Amino acid sequence: LDAYLTWHRREQLPQYADFLEQVAERAEKGMSHDDIALIQTRTEQLAQAMIDRLKPDMMELFAMANDEQVASLFRKFDEDNAKYLKENVQASASKQRRQRQREVINYAERWTGALHEPQRKLIAEWSVQFELMHKEFYDTQLLWQQEFRRILQLRGDRKAYEQAFTQLLDTPEFGRSEELQRKLAKNQALLIDLYLALEKSLSTDQRKHMVKKLRDYAADFRELS
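Keep in mind that this is a model prediction, so the values were computed, not measured.

Rules of the game
- Residues numbered from 1 in each chain as written.
- Predicted model: local features only at pLDDT ≥ 70, side-chain atom pairs only at ≥ 80, totals over all residues.
- Heavy atoms only, no water.
- Helix = DSSP H or I, 4+ residues; strand = E, 2+ residues; numbered from the N terminus.
- Buried < 20%, exposed > 50% of the residue type's maximum accessible area, 1.4 Å probe, protein only.
- Contact = heavy atoms within 4.5 Å.
- Core = buried A, V, L, I, M, F, W, Y, C linked by side-chain atoms within 4.5 Å.
- Axes fitted to C-alpha atoms, helices over the stretch in contact; angles between N-to-C directions.
- Parallel < 35°, antiparallel > 145°, perpendicular 65-115°, else oblique.
- Left-handed = near helix turned anticlockwise from the far one by under 90°.
- Nonpolar A, V, L, I, M, F, W, Y, C, P; charged D, E, K, R; others polar.
- 1 Å grid on protein atoms, 1.4 Å probe; cavity = no way out; pocket = protein on both sides within 12 Å on 5 of 7 lines; lining within 4 Å.
- Points joined across faces, edges and corners; volume = space filled by probe spheres on them.
- Phe/Tyr/Trp six-rings, centres within 6.5 Å; stacked < 30°, edge-to-face > 60°.
- Lys NZ or Arg CZ within 6 Å of the ring centre and 35° of its normal.

Student: When you look at the side chain of Q40 in this model, what are you seeing that I'm missing?
Tutor: Among the secondary structure elements, Q40 is positioned in helix 2 (residues 33-63). Relative accessible area serves as the criterion here: at 15%, Q40 is assigned to the buried category. Beyond its immediate sequence surroundings of up to four residues, Q40 is in contact with Q188, L191, I192 and Y195.

Student: Hey, could you run me through the nonpolar core in this one?
Tutor: Nonpolar side chains in soluble globular proteins generally cluster together in the buried interior. Counting residues in each nonpolar core, the largest one holds 21 residues, and the members touching the most others are F19, L20, A27, M210, L214 and F221. For this core, the elements supplying multiple residues, two or more each, are helix 1 (2-29), helix 2, helix 8 (178-201) and helix 9 (204-224). For this core, the element with the most residues is helix 1, which contributes 8 residues. Formed by 14 residues, the second largest nonpolar core is a distinct cluster that contains V104, L191, L194 and L198.

Student: How do you make sense of the packing of helix 1 against helix 9 when you look at a structure like this?
Tutor: Packed helices, taken two at a time, are described by the angle between their axes plus the distance between the axes. Across the interface, helix 1 lies against helix 9 with an axial gap of 8 Å and an inter-helix angle of 160 degrees. With respect to helix 9, the axis of helix 1 lies roughly antiparallel. Where helix 1 crosses over helix 9, the handedness of that crossing is left-handed. For the contact of helix 1 with helix 9, the per-class residue count stands at 15 nonpolar, no polar and 8 charged.

Student: Would you mind going over the layout of surface pockets with me for this structure?
Tutor: If a probe as big as a water molecule is rolled over the atoms, it shows which places are left empty. There is about 1700 Å³ of room inside the largest pocket. Surrounding the largest pocket, 45 residues form its lining, I39, Q40, T43, Y107 and Y195 being those nearest its centre. Mapped onto the lining of the largest pocket, the elements with two or more residues apiece are helix 1, helix 2, helix 4 (93-112), helix 6 (134-152), helix 7 (158-169), helix 8 and helix 9. Counting residues per element, the lining of the largest pocket draws most heavily on helix 2, which supplies 10 residues. Looking at the lining of the largest pocket residue by residue, the class counts come to 33 nonpolar, 7 polar and 5 charged.

Student: How should I be thinking about the environment of S127 in this particular structure?
Tutor: Take S127: it is sitting in helix 5 (residues 117-129). Taking relative accessible area as the criterion, S127 reaches 4% and is therefore assigned buried. As for S127 and L54, which are separated by 73 residues in sequence, their C-alpha atoms are 35 Å apart.

Student: For this particular structure, what's the right way to read the packing of helix 1 against helix 2?
Tutor: The interhelical angle for the contact between helix 1 and helix 2, taken along N-to-C directions, is 175 degrees, at an axis separation of 11 Å. Regarding the angle of helix 1 to helix 2, the classification is roughly antiparallel. Across the interface between the two elements, A3, Y4, W7, H8, Q12, Q15, Y16, F19, V23 and R26 from helix 1 touch D35, L38, I39, R42, T43, L46, A49, M50, R53 and L54 from helix 2. Class assignment for the residues of the contact of helix 1 with helix 2 results in 12 nonpolar, 4 polar and 4 charged.

Student: Hey, could you run me through the packing of aromatic side chains in this one?
Tutor: Scanning the entire structure with this criterion turns up 13 aromatic pairs. When the centroid spacing of 6.2 Å and the interplanar angle of 45 degrees are considered together, the rings of F62 and F165 count as tilted. Taken together, the positions of F62 in helix 2 and F165 in helix 7 put the pair 103 residues apart, joining distant regions of the chain. For F165, a relative accessible area of 1% translates into the label buried. Between F74 and F77, the ring centres sit 5.2 Å apart and the planes meet at 90 degrees, which makes this aromatic pair edge-to-face. With a gap of 3 residues between them, F74 and F77 both fall in helix 3 (residues 67-89), about one helical turn apart. The ring of F74 carries R149 above its face, with NZ or CZ at 4.1 Å from the centroid.

Here is the structure:
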């Protein structure tokens, strides 16, 4: 963990700072559909870099786990699954949409400050079009955990264990049904359209707030690195 955090601080935080400064420049001028898509792509690349760096350490860590530790891990998974099922999958569709709407409002206001009523209306309209995915995510999660359990049972055969573990980590879409893939693609496109609509609706103060927030984070990352 110490080695990973040192790598992240020295190697990744400067990249985060560069990225946020670039986003700030685009946000200051006004962002296009392509700008927003590129931001999402770069975010995914930075996240993947962390996973790639963690792979060997994760495999080594779980290879050292004893049977009781593995059993404890899956008991925790079961608890989390039951909570997710109750709070998300079994919730009414209207409740799920209201929850998603609140999440997007909170996220947007983190960057822009308080949203105006027309902006909140844009998010409300988006939430009606958004395809609910909690059930599909839940099913995917169970399949992933089932495969992870199988992989941990291979710990005595290091070659087979590492091969299976690597394959799982290199397959982010593992367990996803065609229906989930379809919903993800549609929702991703809807979200980009929403961000673009919100971006175009920003007041001068909101835009200044967003640009300052981005540059403040960039400065923080440079100092922390």
